[in-house]
Every structure is written in structure tokens, then in C-alpha cells.
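Summary of the model geometry
Each chain, letter by letter, is given below.
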Amino acid sequence: VEDVDGLARALEAREAPAPPEATEPPELAPPEATCASAQRALEAGGARYLDCRSEMEFVAEDVVEGSVNIPFPHNGDREPVSPADFLEDVELEFRRGEEIYVGCRSGNRSASAVAVLRAAGFARAVNVTGGIHAW
């Protein structure tokens, strides 16, 4: 009888599923808006547009009316702009609770900018997909 009990315990231990491994939560992509929905929000009021293209691009190409230009992740000379410097400039122009639509030329740099902003507490920062090319 002892052998049967020992065998039963061994089988139970062997069949017990392994505890799930701890995993990191998946990194969430920053929220996105189409140019049309961003434009409606801006026209309705209460939202603002941050253009993170370089100063040269901002001056030479189309601009969203009323936008604020704060380059990220590089300036017109392709020199890097650190997230800390970017945030310092953003904090001079925007409040953390403000709805901010962020755009660039195509939507890639603005996605990075929104990730930095949201990590710093700008919870209503939204990436504009397609950038100024889609505007």
C-alpha cells in the first residue's frame, strides 16, 4: 500500500503544470489618429498640434495652422535632440493634461516623440499617422 501511495504522489507531482513564467507586459504602441480625426479635434478646439520635424522642414514644407515646432529626435543639422531637451521645450509650450496631436513628415518620428511624452506624463499625446504628407 505504501508503494502505491508513493507512486500516486510521484504521478501527481509529475502531472502538475509548471507555474507560468513571469513575463514583461507587452510594450504598447502610442495612440494614433488619422489626419482627418486630428484635424476635426483641432478645429473643435481644446487640442493643439506639435510638429516634431526639424526647423528646416517646418519652414520649407507645409505646416498645420497653429502648430508648435519642437524638433525631435534631431534638429535641422541632423544633430540629436535628447528626450530630456525635447521634454524641456515641450514643457514650456504645453500642459501635461492638454490634448496634443504630434506629427512629423510621415509619422515615424512623431511616434517616438509621443512615446517620450507619454512616459513623461503627457497622457493625452497622440501620434498623427501619415504625417504632413497625409495632411
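**A word on the nonpolar core**
In this structure, Leu-50, Phe-86, Val-90, Phe-94, Val-102, Leu-117 and Phe-122 are the most contacted members of the largest nonpolar core, which totals 19 residues. Secondary-structure elements contributing two or more residues to this core are helix 4 (83-93), strand 4 (99-103) and helix 5 (108-119). Per-element accounting of this core gives the leading share, four residues, to helix 5. For Val-90, the residues in contact, after removing those within four places along its chain, are Leu-50, Ile-70, Leu-117 and Phe-122.

**A few points about the side chain of Ser-110**
Inspection of the secondary structure assignment puts Ser-110 in helix 5. By relative accessible area, which is 0% here, Ser-110 ends up buried. Separated by 3.2 Å, the side chain of Ser-110 and the backbone oxygen of Gly-107 make a polar contact. Not counting the four nearest positions on each side in its chain, Ser-110 is found in contact with Cys-52, Val-102, Gly-103, Cys-104, Asn-127 and Val-128.

Conventions and cut-offs
Residues numbered from 1 in each chain as written. Predicted model: local features only at pLDDT ≥ 70, side-chain atom pairs only at ≥ 80, totals over all residues. Heavy atoms only, no water. Core = buried A, V, L, I, M, F, W, Y, C linked by side-chain atoms within 4.5 Å. Buried < 20%, exposed > 50% of the residue type's maximum accessible area, 1.4 Å probe, protein only. Helix = DSSP H or I, 4+ residues; strand = E, 2+ residues; numbered from the N terminus. Contact = heavy atoms within 4.5 Å. Polar contact = N/O pair within 3.5 Å; in protein donor to acceptor, adjacent residues only side chain to side chain.

This is a description of form; function is not addressed.
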